[in-house]
Structure formats: structure tokens, C-alpha cells
Amino acid sequence: MPAASSAVPRAAARAPAKAGASVAQKALHKLGLLRDIDLALHLPLRYEDETRITLLRNARDGEVAQIEATVTSSEVQLRPRRMLKVMVDDGTGTCELTFFSFYPSHQKTLAVGARLRIRGEVKGGFWGRQMLHPQFRVAGGELPAALTPVYPTTAGLPQPYLRRAVVSALQRADLSETLPPGLEPPVGRFTSKNGLQRLCGLREALTFLHHPAPDVALATLEDHSHPAWQRLKAEELLAQQLSQQQSRRARDQLRAPVLGSRPLQNGQPLHEQLLAVLPFGLTAAQRRVGEEIAADLARPVPMHRLLQGDVGSGKTVVSALAACRAMDAGWQCALMAPTEILAEQHFAKMIGWLEPLLAASGRRVAWLVGGQKKKERSAMLALVESGEAALVVGTHAVIQEQVRFKNLALAIIDEQHRFGVAQRLELRRKLEAHGMEPHMLMMSATPIPRTLAMSYYADLDVSVIDELPPGRTPIVTKLIADSRKDEVIERIGAQVAAGRQVYWVCPLIEESEALDLSNATATHAELSEALPGVMVGLLHSRMPSAEKKAVMALFASGQMGVLVSTTVIEVGVDVPNASLMVIEHAERFGLSQLHQLRGRVGRGAAASACVLLYATNDSGRVGETAKERLRAMVETHDGFEIARRDLEIRGPGEFLGARQSGDALLRFADLATDTHLLEWARVTAPLMLDRYPEWADRHVARWLGGRADYLKA
Ligand code: ADP
Ligand code: MG
């Protein structure tokens with residue numbers, strides 16, 4: 001009943017009906033507004049000015065105005081459709097109100113002769129002034145002194161109810177300062193009524209933002225540049241920094257196995273043996289990060305290190321060398337990947353590299369994934385529990401409760417952004433029996449821009465592989481309209497004839513996995529037909545894992561010339577002989593995703609190419625942001641540059657993945673514009689933890705409540 005949306009809930013809020021109240025309570029819960037302080041920190045999206053009455057004579061076309069006027073006529077019309085037409089007059093002009101949905105109670109309020117307070121957008125059309133579905137109520141009562149806040153809300157939680165809840169929460173909540181004297185943030189001053197310039201405290205900032213005086217420059221509220229907003233953003237960033245640094249300090253109190261470089265058994269350390277059998281020498285960057293990791297592992301506190309390196313920079317071998325150090329010291333390691341295909345590849349690689357070396361001491365590499373046969377699984381579980389499996393490779397299955405390690409000392413997580421907080425916390429508990437935590441090495445090919453690294457990842461140490469192995473020929477990237485698909489298929493034929501292999505990626509259609517599939521299936525059929533004599537395979541996420549495995553094996557062995565796939569190959573797949581990547585509907589992919597996909601080729605010595613096929617809309621154009629992404633792909637191959645542009649185009653959400661756990665942990669601050677506040681928070685947090693620990697605790701509890709854990713995993 002939108003017509004009287006202001007009149008009805010206003011009454012309901014005064015005396016909430018029981019059912020309505022419990023619906024609203026549930027909705028509050030859903031928004032995470034549990035404590036008084038949560039409500040106090042629930043800030044308006046925008047404001048409505050109900051402080052003034054506008055004379056109709058002065059009301060401008062397109063302006064939202066509040067008027068007080070008397071009903072001069074009120075009638076229901078049936079043509080062209082049923083609607084209520086009400087004419088009002090305030091002595092300076094008239095206005096016609098139109099309602100397409102209305103109830104008898106509304107008609108009663110809108111009866112001829114009634115004096116009403118009406119609020120809506122004025123349209124000054126040819127037929128005179130009009131308002132469509134304005135809010136209205138009986139005139140009278142004082143005008144509010146402050147702007148009326150409009151809050152982010154959800155179904156079942158009407159604005160008036162939420163406003164009242166906020167008002168009473170503001171009265172009850174403890175808004176005492178948590179910023180110690182001398183550690184105030186660098187925010188603008190606040191001009192008070194008597195013209196004095198003062199620092200804006202929390203209580204003052206909140207009172208102001210919930211109920212600003214009508215003379216405020218609305219733009220400063222909208223762009224959050226007002227000192228009151230700045231104050232809140234600074235507090236929020238500080239809470240985040242405190243929480244991260246608290247967890248870092250807490251971790252420094254924990255114990256972890258010391259994984260020195262001397263092997264328990266006599267003989268050459270495993271990592272030296274591995275280096276000796278590798279068909280290549282490490283790059284300088286690989287050696288450097290390897291040393292950073294080794295130094296962490298040799299300390300008795302748990303490592304939490306993020307290993308960053310562009311696609312193809314050779315993170316896997318670095319992680320294998322780290323695993324060697326743990327195994328040398330007589331401990332177990334786990335290597336986890338987000339998809340079965342990727343885990344499978346790691347497994348094959350680890351078996352190839354390590355099993356011959358481990359065999360001498362009767363140890364093995366185990367394998368754990370979800371879809372495993374029962375018998376195989378229990379055999380693997382036994383190996384893990386006895387410690388015979390020195391290394392366990394797999395998917396999420398590795399952290400399941402039934403998996404008991406004898407002594408897990410190092411957990412390696414590939415493509416870490418695909419793993420959730422709960423999973424990382426679970427891993428940390430796997431060494432509880434020893435009263436310790438395992439070391440964690442997280443790997444990512446998606447570089448984290450500096451501001452994000454300073455905020456969301458402030459509790460991690462970061463190592464960067466900033467160099468690709470030598471001998472790679474750069475990938476040539478081409479944008480081609482999909483009307484020229486035939487030419488591309490021809491080129492595929494030539495590539496395969498020359499002994500090379502090709503990926504063809506079909507886009508993910510978000511709304512429909514089924515459609516996605518039929519797309520890939522159709523493309524597969526089309527390519528099979530166009531390329532007689534070439535083995536064309538199909539890979540998608542719905543396939544049984546045995547089938548996926550079989551397809552991947554054929555492609556990896558070189559028998560299969562073309563692999564058509566949905567984005568399941570996105571991460572990590574490594575087939576060096578593949579030298580052409582075709583991405584269909586490239587305009588639908590995100591930038592980082594495109595970069596990851598492109599990284600599947602250019603892994604061998606052959607010249608590689610990436611073709612971005614794009615579809616244009618009816619007018620022959622691609623959307624602006626899509627164009628920006630595609631252009632970026634052609635212009636640069638540097639993962640860091642790509643990440644920077646991606647952040648620019650899309651905002652931080654994408655980078656955080658599971659770490660962000662759905663709801664943005666930063667509600668107010670914007671890392672793109674609030675860098676100076678972030679810098680302040682970074683410097684202030686350790687000072688505060690050292691000098692004012694209780695203040696710090698109160699501040700974190702106030703801002704993060706139960707969510708602090710999400711920042712720590
Ligand atoms: P990513 O960092 O994307 O996980 P990988 O670890 O899969 O990269 O390595 C990509 C390819 O480069 C693999 O085939 C790997 O064996 C190879 N590789 C790794 N390090 C080197 C090196 N130093 N020299 C030559 N090839 C290397
Ligand atoms: Mg990888």
C-alpha cells in the first residue's frame with residue numbers, strides 16, 4: 001500500500017502491533033542491528049527535508065516538496081485505469097494528486113475539506129502541477145527541526161519503525177570516547193552553533209549524522225566528506241587495524257613447530273634433493289621468497305604468509321620446497337586447491353617430484369577429494385593419521401573433521417581467495433593436540449593492490465614473485481568481433497596442425513548454469529564439426545570428476561588438440577604445449593578472470609596468443625566498462641597493473657572473495673579516497689595497543705562486535 005506509506009506505518013510505529021514488531025525485530029536481526037550501538041552506527045543513506053512547507057506557487061518542476069493544502073475534490077476514475085484523483089489547494093496554487101493503488105482508509109483521509117501535509121515530487125506538466133503517489137497525512141503538529149534520515153533497510157522494516165529504533169538506541173547506547181586524548185584522527189573541524197571550531201567527537205558525529213540541521217551542505221553528507229563522516233570512517237578503519245594487529249600479536253604468542261633446515265634423518269635435505277632433480281633452476285625471485293618462507297618456518301610462531309606471483313611465475317615449486325623443509329623436520333604438510341582439477345595437477349606434480357625422494361624413508365604423498373571412492377578414501381585417511389603420508393594434496397576435503405593428521409606443520413593454500421574464513425580457522429585447529437598451530441602459506445595469482453594489502457590483509461606477511469621464469473615468449477592478445485569467429489576457427493586448425501593445443505573458453509552465464517552448459521555443448525559440437533580429424537574435448541563443472549580427470553589427462557598428454565571448457569579451467573591449469581587461448585564473450589568476464597585465463601597459455605617456449613572474442617549489442621557496441629577491460633587486456637600483461645585497473649573498475653569486493661564473507665567489513669570508509677585516514681589508523685593502532693589496551697578493546701568491540709573473527713582468519 002504505497003499510497004499512504006507515511007501515514008500508516010507512522011501510527012504502527014507509535015503502538016507497534018505484536019506481529020508487526022516481531023517481523024521488524026527479525027528484520028533488524030537480519031541487518032545485524034542487534035545492539036544499541038549497532039543501531040547508532042547504522043547511518044542514513046540520504047535525508048528528506050521535512051523541516052519546511054513549500055508554497056505551491058514556489059514549487060518547481062522536479063523538486064521534492066512538502067506542502068500543506070486542503071482537498072477540494074476527490075474522485076475515483078476508472079479510465080484509462082482505476083485511479084484516485086485528488087485536487088488540493090493551498091491558497092497560492094493547486095496540485096493534482098494521483099494514486100493507482102489506494103484503500104478506503106486512504107480515501108477517508110483524502111476526503112474533500114481535509115487539510116493535509118503532503119510530500120512528493122512536483123511535476124509541472126501542461127495540465128498543471130501534479131504529484132504521483134505522494135506521502136500524506138493530516139496536517140498539524142510541529143515541523144521537525146532536523147532533516148529526516150532515510151536508512152538502508154529491508155523488507156518488513158519500515159523507515160518510521162527504524163527511525164524510532166535508532167532514536168532510542170542513540171539515547172541508550174554507550175557513546176563514550178574510545179579514542180584516547182592525543183590520538184585524534186586528522187579530520188576537519190566541526191563548526192558549532194556559536195561559531196567555535198571543535199573536534200568532532202563520536203557522540204556529536206552520530207547525533208549530527210542521524211539528525212542534521214537543515215542548513216548543512218547536503219553534498220558534504222552525500223560524498224561523506226563532512227567532518228562527522230570523516231570521524232566515523234577514521235574510527236571504522238581504526239577498528240579494523242586494531243583487530244588485525246591484535247590478531248597478529250595474539251598469533252605471536254602461539255607456538256608452531258620449528259622447521260629448521262637440518263633433516264632428522266642423515267643425508268641431504270629434501271629441498272636440496274628436489275632442487276637437484278628439477279629440470280630448471282629457480283629464478284632470483286623464487287629464491288628470495290623461498291628464503292623468506294624458510295626464515296618464518298624456522299621460528300617457533302605460526303607463519304601466516306601470502307605468496308603472490310603473477311600467473312605462471314612458478315609458485316608451485318616454491319610451495320613444494322617449503323613442504324620439503326617441513327617433511328625434513330619430520331612433520332606433515334597439506335596442499336589444498338579450490339578445484340579438483342587443480343588439486344589433481346598438483347598431486348601429479350608432487351608425486352613426480354617428491355615420491356622418489358620420500359620413498360627412501362617409507363613416506364608417501366596422499367590424495368583427498370570429495371568425490372573419492374570410500375575404500376580409497378579410508379586408505380588415504382589411514383595414511384594421514386599414521387603419518388606415513390608426509391604430504392596430503394586435495395581440495396576442501398583435506399580439512400574435514402574426519403581427517404586426523406599425525407602432525408600437520410604446514411598448510412599450503414593455493415588460490416587462497418577461493419577459501420573461506422571457516423576453512424582457514426579449521427586448518428589452524430589441526431595441530432591442537434600438540435598445543436600448537438600449523439604454519440600457513442597462502443598463494444594467490446591475483447595481486448592485492450597496496451591499499452587493500454594495508455587494510456584487509458594487514459595481518460599477513462606478503463612475499464612477491466615479481467619475475468617470470470626465463471624463455472617465455474610474450475602472449476599476443478587480440479580483440480576480435482565474434483562475427484569473425486570462422487577465421488578464428490581456421491586459425492585453430494592451423495595451430496593444431498602445427499602440433500600445438502588450444503583452449504576455448506565459454507562464458508559463465510550467471511543466471512543459468514544450464515544455459516551455460518548448453519552453450520559449451522553447442523560450441524563443442526560446432527568445433528568438432530569444423531575441425532575434422534582433431535580431437536575436441538569438453539570440460540564443465542557439472543561433469544563427474546572421473547570424466548573431468550579423463551578429459552584433462554587427454555589434453556595434458558597432447559592427444560587432444562582442442563579443449564572447450566566453461567571457466568573451470570580458470571585457475572592453475574598447466575599444460576605448457578597449449579599456445580592459443582580463445583575466450584568467447586570476453587566482454588562478460590572480469591578483468592582478473594581474463595588475466596587468469598590468458599595465463600593458461602604462454603607457459604612453454606612457443607609463441608602464444610590470446611583471442612578475446614567479443615559480441616556487440618544491437619547497435620554494434622560494447623558497454624563502456626567492458627571496453628575498458630578489454631582494452632586493459634591488450635595493453636598490459638602485468639598482473640599488478642591489471643589488478644590495479646580492476647580495483648578501479650569494480651571496487652574492492654572482488655579481491656576479497658571469501659575473506660569478505662558476503663558483507664563488506666568496511667561500511668563507511670572507501671579505500672580509494674580515504675587513504676590518509678587509513679594511514680592514520682595504521683600508525684595509531686599499535687600506539688593504542690601499547691599505551692591504551694583497554695580503550696583498544698572497547699573500540700574493537702564497539703565497531704566489530706562478533707565480526708572480528710572474520711578479519712583474523
Ligand atoms: P603459478 O605461479 O601460476 O602457479 P606454476 O607454479 O604452475 O605457476 O608454474 C608455471 C610453469 O613454470 C610450470 O610448468 C613450472 O614447472 C614452470 N616453472 C616454475 N619455475 C620455473 C623456473 N624457475 N624456470 C622454468 N620454469 C619454471
Ligand atoms: Mg598455480
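In this report, we go over the structure that sits alongside the text.

Quick notes on the rules
- Residues numbered from 1 in each chain as written.
- Chains lettered and ligands numbered in written order.
- Predicted model: local features only at pLDDT ≥ 70, side-chain atom pairs only at ≥ 80, totals over all residues.
- Heavy atoms only, no water.
- Pairing = 2+ DSSP bridges.
- Helix = DSSP H or I, 4+ residues; strand = E, 2+ residues; numbered from the N terminus.
- Axes fitted to C-alpha atoms, helices over the stretch in contact; angles between N-to-C directions.
- Buried < 20%, exposed > 50% of the residue type's maximum accessible area, 1.4 Å probe, protein only.
- Near = heavy atom within 4 Å.
- Polar contact = N/O pair within 3.5 Å; in protein donor to acceptor, adjacent residues only side chain to side chain.
- Areas by Shrake-Rupley, 256 points an atom, 1.4 Å probe, with all protein chains shown as cover.
- Nonpolar A, V, L, I, M, F, W, Y, C, P; charged D, E, K, R; others polar.
- Core = buried A, V, L, I, M, F, W, Y, C linked by side-chain atoms within 4.5 Å.
- Contact = heavy atoms within 4.5 Å.

### A look at the sheet that holds strand E18 (residues 461-465)
Argument step 1. Taken together, the seven strands give an open sheet; going across it, the order is E14-E15-E13-E16-E17-E12-E18, and neighbouring strands pair in parallel fashion. For this open sheet the edge positions go to strand E14 (364-368) and E18, each flanked by a neighbour on one side alone. Neighbour-to-neighbour, the strand axes of this sheet turn through a mean angle of 20°, independent of strand direction.
Argument step 2. As defined by bridge partners, strand E13 (residues 332-336) adjoins strand E16 (residues 408-413) across five bridges and the pair is classed as parallel. Bridge pairing in E16 places Met-336 opposite Ile-413.

### Thoughts on the pairing of strand E17 (residues 439-444)
Argument step 1. Burial runs high along E17: six of the six residues are buried.
Argument step 2. The pairing of E16 with E17 spans four bridges and is parallel. What sits directly across from Ile-413, in E17, is Met-442.

### Overview of the site of ligand 1
Argument step 1. Around ligand 1, 17 residues are found, and the nearest of them are Gly-312, Lys-315, Thr-316, Arg-472 and Asp-574.
Argument step 2. Lys-315 has a polar side-chain atom sitting 2.8 Å from an oxygen atom of ligand 1.
Argument step 3. Note that an oxygen atom of ligand 1 is positioned 2.6 Å from one of the side-chain N or O atoms of Thr-316.
Argument step 4. In isolation ligand 1 offers 570 Å² of accessible surface; the protein chains occlude 87% of this area.
Argument step 5. By residue class, the composition of the shell around ligand 1 is four nonpolar, seven polar and six charged.

### As for the nonpolar core
Argument step 1. Met-327 and Leu-354 are the most contacted members of the largest nonpolar core, which has 131 residues in total.
Argument step 2. Among the elements that make up this core, the one with the highest residue count is helix H11 (residues 315-328) (nine residues).
Argument step 3. Dropping the residues within four chain positions of it, Leu-354 is found in contact with Leu-274, Cys-324, Met-327 and Leu-391.
Argument step 4. Counting 28 residues, the second largest nonpolar core, distinct from the first, contains Tyr-503, Leu-539, Ile-583 and Ala-586.

### Re the sheet that holds strand E24 (residues 608-614)
Argument step 1. Reading across the sheet, the six strands line up as E19-E24-E23-E20-E22-E21 and stay open at both edges, with parallel pairing between neighbours. Both outer strands of the open sheet, strand E19 (475-481) and strand E21 (536-539), are each paired with one neighbouring strand and no more. Direction aside, the axes of adjacent strands within the sheet are offset by 20° on average.
Argument step 2. Summarising the sheet, E19 and E24 pair through seven bridges and their orientation is parallel. Of the residues in E24, the one forming a bridge with Leu-479 is Leu-612.
Argument step 3. Sitting on the sheet, helix H16 (residues 485-497) touches E19, strand E20 (501-505), strand E22 (562-565), strand E23 (578-583) and E24, and the angle it makes with E20 is about 150°.
Argument step 4. Contacting E19 and E24, helix H20 (residues 624-635) runs over the sheet at an angle of about 150° to E19.

### Describing unusual backbone geometry
Argument step 1. Note that the residue after Arg-79, namely Pro-80, is joined by a cis bond; omega there is 0°.
Argument step 2. By the secondary structure assignment, Pro-80 is in the loop between strand E2 (64-77) and strand E3 (83-89).
Argument step 3. A positive phi angle, near 45°, is found at His-133, a position not held by glycine.
Argument step 4. By secondary structure assignment, the location of His-133 is in the loop between strand E7 (128-132) and strand E8 (135-138).
Argument step 5. Despite not being glycine, His-585 shows a phi value in the positive range, around 50°.
Argument step 6. Tracing the backbone shows His-585 in the loop between E23 and helix H19 (591-598).

The values are spatial; any link to function lies outside them.
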